[in-house]
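# Structure assessment
If you want the building blocks of each chain, they are given just below.
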Amino acid sequence: MLGPRSSIVSASCLTLGLLLPAVARADEILIEADQSTRPPDQRARRVHGEFRLGARAGFLVDDPFFSVDPSLSFDLRDITPLQFRLGADIRLRMVDLDPEQDQVIRGTDWDEPGDYVAILQALQYIDSFAFGRRGQVALDLRVGGLARVQLGHGSVVGGYANSLDVDRRRTGVDFVSRVEGELLDQVAGVELGLLIADLAMQQPLGARLAFDWASAGLGFTVVGDPLAPRTVAASVSGDALAVDRQNRIDATGDAGVVAAGVDLSYTFYDSWRYWITPYLDLNTLAGLGSGLHLGLSAEFALGRRRAVMLGFAAEFTYGSSSYDPVYFDVFYTMQRSQGEFIARADQVPTGYGALATTKYGFVALHDLGGPGGHGVIRFAHTDGAFAETGYRYRPGPQGHTWETRVGVELPEVSLSFLHAHRGELGFDIIEPRGSLVSFDLLVPVVRFLDVSITAGYLYATRRATGASGAAGVASSGFVGGAAVVLAGVAGRVPW
């Protein structure tokens, strides 16, 4: 059954992605979360599902909340390899602290089309089949909250997440298809990767087309955010940014950003124990700058059953003055409307409305050119666990980024953890300014009851000191840190 935070992908798709060069898929750690036999009372039916009702309490941003989480899951894998889940997180304010929103149901959760599209919480379709003598086709579609999207080698889109904004849970699409066969007695393949980060079209979308033959790969990537603001409007006082009725930073002037790239790679492998891929990516940000990424990625299968995967990657980057490597990364949605990091209202500088820049404006304004680099270590186990940590450097302000992810998906426990920090050389990685932290824990205590904990330090559009916080009213504010702590229980009824 499609669990609250499970990541379910067939073993055949995972093997295909590991063995072949020019990988265009979103580089999620893939975990098969349900291999169990159906209970006897369910074996006669071909459509299965689960109703779940959760109740949690805690703090969200400024106020204490009580959250009700109903959801309905459908499992059609006895008919076709499809699962999906519908649900909503209804957050009820117990005490309306300053700045007051004047509503029991949190108004900023339900004031945009994307909030309603997000009722489709998850959909997964994974299939593979053969054709001809040696042909194979693999399909992998994930729809819902996207936590770790990567296209190609990750030089344009890497570690992307679409729902770290406390006010904006989003449903996106991450799709990859691969057709493989033989050409001149060598393995050849074509891959198409597609990213639509938000079905309401408020975040990036793009695609990557890749070809490989005899272990050599060639890929083309185009990603854009048509509505990305380039400049923002100051508040009336000039000490903050203007915030519209949908609790978004007001944008002015032109909008949009586009990135395009081409990559070359070659994979050395023995089909069972190791896959070593040197690669070269050449990218450009339209109207900004260009850069190159020269790297080496290595994956090793360890143990008698090859159940442990250990991976390393090292990369050298060089860019022009207005080139930011991995432009669409884990911080993108946070910095899209405000390039500077601000944790609290008392950190907003005087006259900030005239000083603020968007992500696009930040990259255009500052000199980010010169050599940089990236290194990452990855671990995964087929039983359902992974860990990854990496560091990236580029010249200029906010040039040091550290990112760590851990996940466990077992019958006894489901856990996910993200910590990311961006700042200056010698930065404190637990400093709230420039940090993102997300922790989710789900423990089934009995057959029909789960205990869950969600905690983190994400971000939201906050109000400036003294500004109105009423829902649906234009105001002034900034993009700042948002603490979240919710704990509770959930009952579930399979059907």
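The present account deals with the structure reproduced in this document. Please read these numbers as outputs of a predicted model, since none were measured by experiment. Numbering of residues starts from 1 in each chain and follows the order in which that chain's sequence is written. Per-residue local features of the predicted model are confined to residues with pLDDT of at least 70, and side-chain atom pairs are confined, for both listing and counting, to 80 or more; whole-chain, interface and lining totals are unaffected and use all residues. Hydrogens are left out, water is left out, and the side-chain values use all remaining heavy atoms of the structure.

This part is about the overall build of the chain. Each helix and strand counted, the chain has five helices and 23 strands in total. We compute the radius of gyration over the C-alpha atoms and compare it with the globule rule, which gives 2.2 Å times the number of residues raised to the power 0.38. Its C-alpha radius of gyration of 23 Å places the chain within 12% of the 23 Å reference for a compact globule of 495 residues. Seen through its principal axes, the chain has C-alpha atoms that stretch 70 × 60 × 35 Å. Within the chain, buried positions represent 52% of all 495 residues. Taking contacts inside the chain between residues at least 6 apart in sequence as the whole, the part at least 24 apart equals 61%. Shrake-Rupley sampling with a 1.4 Å probe provides the accessible areas, and residues are treated as covered by the protein chains on show and by no other component. When the accessible area of the chain is evaluated, it comes to approximately 21000 Å², of which 64% is carbon and sulfur surface. A helix here means a DSSP run of H or I that spans at least four residues, while a strand means a run of E at least two residues long, and both kinds are numbered starting from the N terminus. To sort residues, take the accessible area from a 1.4 Å probe on protein chains only and compare it with the maximum for the residue type: under 20% means buried, over 50% means exposed, and anything in between is partly exposed. Any two residues having at least one pair of non-hydrogen atoms within 4.5 Å are treated as being in contact.

Mapping Gln-338 onto the fold places it in the loop between helix H3 (332–335) and helix H4 (352–355). Ignoring any residue separated from it by four or fewer positions in sequence, one finds Gln-338 in contact with Leu-241, Tyr-352, Thr-357, Thr-358, Phe-478 and Val-479.

For Asp-263, the location among the structural elements is in strand E12 (residues 251–266). Taking the relative accessible area as the measure of exposure, Asp-263 reaches 4% and is therefore buried. The definition of a polar contact used here is a pair of N or O atoms within 3.5 Å, where within protein one atom must be able to donate a hydrogen and the other to accept one, and adjacent residues in sequence count solely through side-chain atom pairs. Within the local environment of Asp-263, its side chain forms a polar contact with the side chain of Arg-208, the two groups lying 2.6 Å apart. In this view, Asp-263 contacts His-153, Arg-208, Gly-217, Leu-218, Gly-219, Phe-220, Thr-221, Leu-280 and Asp-281; residues no more than four positions away in its chain are not counted.

What follows deals with the pairing of strand E3 (residues 82–87). Along any regular strand the residues' side chains alternate between the sheet's two faces. For E3, the buried fraction is high: five of the six residues fall into the buried class. Any two strands are treated as partners once DSSP identifies two or more bridges connecting them. Pairing of strand E2 (residues 63–75) with E3 involves five bridges; the strand directions are antiparallel. Bridge pairing in E3 places Leu-72 opposite Leu-86. In this structure, the hairpin formed by E2 and E3 is closed by a connection of six residues.

For the rest of this paragraph, the subject is the pattern of salt bridges. The working definition used for a salt bridge is a side-chain nitrogen of Lys or Arg within 4 Å of a carboxyl oxygen of Asp or Glu. Scanning the model with the defined rule gives 34 salt bridges in all. For Asp-329, the salt bridge identified is with Arg-422, shortest N-O distance 2.3 Å. Linking Asp-329 in the loop between strand E16 (308–319) and H3 with Arg-422 in strand E20 (residues 414–423), this pair joins segments that are 93 residues apart in sequence. Assigned by exposure class, Asp-329 and Arg-422 land together as buried. The structure contains a network of salt bridges with shared partners spanning Glu-112, Asp-115, Asp-165, Arg-168, Arg-170, Asp-198, Asp-244 and Arg-248.

Turning next to a nonpolar patch on the surface. Together, Val-190, Leu-192, Leu-209, Phe-211, Leu-218, Phe-220 and Leu-264 give the surface a local cluster of nonpolar side chains, amounting to about 540 Å² of exposed area. Breaking the nonpolar patch down by element, the ones donating at least two residues are strand E8 (186–196), strand E9 (205–213) and strand E10 (216–232). Here Val-190 falls in the partly exposed class, since its relative accessible area comes to 36%. Two joining distances apply to patches: 9 Å for like charges and 5 Å for nonpolar side chains (Val, Leu, Ile, Met, Phe, Trp, Tyr), and every residue must have over 30% relative accessible area and no salt bridge.

This part takes up unusual backbone geometry. A cis geometry characterises the amide bond from Asp-98 onward to Pro-99, with omega recorded as 0°. In this structure, Leu-184 is a non-glycine residue whose phi angle is positive, near 55°. Assignment of secondary structure puts Leu-184 in the loop between strand E7 (172–183) and E8. Positive phi, normally seen in glycine, also occurs at Arg-306, with a value near 55°. With respect to the helices, strands and loops of the structure, Arg-306 is situated in the loop between strand E15 (290–302) and E16. For Arg-306, a relative accessible area of 31% translates into the label partly exposed.

Our focus in this paragraph is the nonpolar core. For the purposes of this section, nonpolar cores are sets of buried Ala, Val, Leu, Ile, Met, Phe, Trp, Tyr and Cys residues that join through side-chain atoms within 4.5 Å. Core analysis: the biggest nonpolar cluster contains 28 residues, and Leu-164, Val-166, Val-330, Phe-331, Met-334 and Leu-436 have the highest contact counts within it. Going through the elements one at a time, strand E11 (241–243), E20, strand E22 (449–463) and strand E23 (475–494) are the ones with two or more residues in this core. If you tally residues by element for this core, the top one is E23, at five residues. Ignoring anything within four residues of it in the chain, the contact list for Leu-164 reads Val-330, Leu-418, Leu-436, Leu-458 and Tyr-459.

The subject of this paragraph is the environment of Gly-224. Relative to the helices and strands, Gly-224 resides in strand E10. Taking relative accessible area as the criterion, Gly-224 reaches 11% and is therefore assigned buried. When the C-alpha positions of Gly-224 and Ile-276 are compared, they lie 30 Å apart, and in sequence the two are 52 residues distant. In contact with Gly-224, other than residues within four places in its own chain, are Pro-204, Leu-205, Val-257 and Val-258.

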